[in-house]
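Report on the structure
Residues per chain are reported as follows:
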Amino acid sequence: MDREADMPDLFEQIEDLVGQSKLELLVKQNLPNLVISNLISPPLIGLITGYKHDDFYHSLAWTVFGLILGCARLLHHQELSRFQNLDKTTRQWEFELIIFSLLNGFFWAAACILFISPETPGISIVIVATVFAHISASVSGLSTHPLILNSLWVPTSIYFISLHPGEHQWFYFQMTLLGVFFIVVNTIYAVNQGRAVINSLRLRYENQHLLRELRQQKIIAENADLAKSRFLAAASHDLRQPLHAMSLFTDSLSQRITTKESRDILDKLRTSMNSLKGLFNSLLDISRLDAEVITPEYSTFHLGRLIDQLINEYQEQAANKHLEIRKRTGDYWVFSDPVLVEQILRNLIWNAIKYTENGGILVALRRHRGRISVEIWDTGLGINEVEQLKIFDEFHQINNPGRDRSQGMGLGLSIVQRTARLLGLELRLCSRPGTGSRFSIDIRRMPEPITPLEHKKTSPMDLDLSGVSALIVDDSEDIRASLSLRLRDLGCQVETADTIENVSRVLDFFSPDILITDFQLRYAESGGMVIKLVRESLGVEVPCIIITGTTMAETSDVYHLQDIEILYKPVQSDELREAMIRALNR
């Protein structure tokens, strides 16, 4: 309704802009015609007619009037060129121009009356040609102002139409016929040209308005999308808190249950919690990518070994569906972020297994123009052209109308597309229904490093945590309780605190081997502040783990601290235990 109510105002604004543009065109195009019509032609015509014509004083008076009119028009033209800075409406300017144009029309009509005569055919031809030339030249500049144009040629037209036959009947008949023909032709041309120019101006301003509106809508959509990501990030942090505590309580409870029936119930509870955790992790990945808090860490790594590792990991899942998963790799080194590339390939391989019922999956590496193309082929159902346009949308799944949660949430390919875009990699899809699909990305190829540095794989975590003293800092009582319970089950000595002030009190009697802290605390305190306090108070680089559910940009500085482990809620016991061992072994 508001949009419809604004339409009349929009039309008025466009018409005002069209009126101003018409004046601008008139200023640009009318000056040459003005100079020739009133400052150059009158003296020349005056000389010709004064020399050849009997009445010299008529020629002189006509010439002087023309020069005076030309000077007045020139001064008015200079004022008109500044019309945007003067307090006059478009209609006022047009009225003044009509007056000057009407005077100019009578001026040239007077030339016809004074100088066209059967006795002086040469002068008559010159006068007629000059009048017609000036009027024709005015059409281009005045076609968008029909009243101004008509006021110019109407006096002259009246002269030609009202010519009376006398003893020189044939001469005046020719003049009348020529004048009428000229009037008709120029009228048709002026009307068509004026209409075309005005329509062009209207279309120009309507397009400009649509472009501005499109930009505004784009900004609104981008802001809404950013607000959604921020809301999701903030909401996920709050929702992860109880889920994180539930996960730790469940792990502690599993060691206290002895009956098979109770353990079956606990396994179903753990399965449900893992599904919920998977959803939260996917949402977290998307919100982190949208919030632009992930900074790629580029390095040269061996792509073939990464493929070998992933194939080995997914062999069991493929075998459970009676699928053959094959590889065609090589000794290729590439330059990108190995962690993010691994995330992309994991999603694509798992997606291929999930949607393939018969046949198999092939992961192949091909050289292509200085790059290595990673291709994941499957013999699944394939994707039609319509679905290919939607396949990267959040929560979109093919052949899952019942929203079976065992098939995932439909976020994997959305994460793949966003991650590939972050790394500057082109993600391509080629698929045909009934045949299968092929996803591929191209990664920049690099020569083999002289002394390749490989990240050592962490060996199985068999280290005993008994006797390790741990300080837990979190503003949630449930999380402090669940973490304390779980770490005590692992044999740790535990102290807890909820604020920096309480941390200082604990440090008076407790010296932790490891610090486990939330990132966002109450009273605008943060995990980074806690780490700084503990390390400065004890005078040693205490191993630290930050457990967070936030995706905001303020955590980006923590990501660059290489001696700090980052875990995202909800955290399972095995993840926490492995992170503690990694931190203690540094």
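Remember, it's a predicted structure, so these values are computed and weren't measured experimentally. (Residues numbered from 1 in each chain as written. Predicted model: local features only at pLDDT ≥ 70, side-chain atom pairs only at ≥ 80, totals over all residues. Heavy atoms only, no water.)

Focus: the overall build of the protein
To keep it simple, the criterion reads: Each helix corresponds to a stretch of at least 4 residues labelled H or I by DSSP, and each strand to a stretch of at least 2 residues labelled E; elements are numbered beginning at the N terminus. Residues count as neighbours in contact if any of their non-hydrogen atoms are within 4.5 Å of one another.
Along the backbone of the protein there are 16 helices and 12 strands. Residue pairs in contact within the protein that sit at least 24 positions apart in sequence constitute 74% of those at least 6 positions apart.

Digging into the nonpolar core
Basically, it comes down to this: Working definition of a nonpolar core: buried Ala, Val, Leu, Ile, Met, Phe, Trp, Tyr and Cys residues. They are joined through side-chain atoms within 4.5 Å. Only protein chains enter the calculation, and the probe is 1.4 Å; a residue is then buried if its accessible area is under 20% of its type maximum, exposed if over 50%, and partly exposed in between.
Ranked by size, the top nonpolar core spans 38 residues in total, and within it Leu 303, Leu 345, Val 374 and Ile 376 carry the most contacts. Elements supplying a minimum of two residues to this core: helix H8 (303–320), helix H9 (338–354), strand E4 (360–368), strand E5 (371–378), helix H11 (412–423) and strand E7 (436–446). With 8 residues, the top contributor of residues to this core is H9. Residue contacts for Ile 376: discarding those within four places in its chain leaves Leu 345, Leu 348, Ile 349, Ala 352, Ile 361, Leu 362, Val 363, Ser 437, Arg 438 and Phe 439. Grouped together as the second largest cluster of nonpolar side chains are 28 residues, Ala 111, Ile 135, Val 139 and Tyr 159 included.

Some thoughts on empty space enclosed by the protein
One simple way to see leftover space: roll a probe sized like a water molecule over the atoms. Rules: A 1.4 Å probe that fits but cannot get out identifies a cavity on a 1 Å grid over protein atoms alone, an open set with protein on both sides within 12 Å along at least five of seven lines counts as a pocket, and a residue lines either if it has an atom within 4 Å of a point. Grid points are joined across faces, edges and corners, and a volume is the space filled by probe spheres set on the points. When residues are sorted by character, Ala, Val, Leu, Ile, Met, Phe, Trp, Tyr, Cys and Pro go into the nonpolar class, Asp, Glu, Lys and Arg into the charged class, and all the rest, Gly among them, into the polar class.
One pass over the full model with this rule turns up 4 cavities of 30 Å³ or more. Here the second largest cavity is characterised by a volume of approximately 80 Å³. Residue lining of the second largest cavity: 10 residues in total, with Ser 247, Arg 270, Met 273, Asn 274 and Gln 572 positioned closest to the centre. Contributions of two or more residues to the lining of the second largest cavity are made by helix H6 (169–254) and helix H7 (260–290). Residue composition of the lining of the second largest cavity, grouped by class: 3 nonpolar, 4 polar and 3 charged.

Overview of the pattern of salt bridges
Stated formally: Salt bridges, as used here, are contacts in which a Lys or Arg side-chain nitrogen is within 4 Å of a carboxyl oxygen on Asp or Glu.
Across all of its chains, the model carries 13 salt bridges by this definition. Close ionic contact of Glu 357 with Lys 321 constitutes a salt bridge, the shortest N to O distance being 3.6 Å. Pair noted here: Glu 357 is in the loop between H9 and E4 and Lys 321 is in the loop between H8 and strand E2 (324–328), with a separation of 36 residues, a long-range link. Glu 342 is the partner of Arg 346 in a salt bridge, and the nearest nitrogen-oxygen pair spans 2.9 Å. Of the two residues, Arg 346 and Glu 342 both sit in helix H9, 4 residues apart, roughly one turn of that helix. Judged by relative accessible area, which is 24%, Arg 346 ranks as partly exposed.

Considerations on the pairing of strand E11 (residues 544–548)
Two faces make up the sheet, and in a regular strand the side chains alternate between them. Rules: Paired strands, as defined in this entry, are two strands with at least two bridges between them according to DSSP.
With 5 of its 5 residues buried, E11 lies for the most part within the structure. Taking every second residue as pointing to the same face, both faces of E11 are buried, with Cys 544, Ile 546 and Thr 548 on one and Ile 545 and Ile 547 on the other. Bridge count between strand E10 (residues 514–518) and E11: 4 bridges; the pairing is parallel. Directly across from Ile 516, in E11, lies its bridge partner Ile 545. Pairing analysis gives 5 bridges linking E11 to strand E12 (residues 564–568), with the strands arranged parallel. When the sheet's bridge partners are listed, Ile 546 is paired in E12 with Ile 566.

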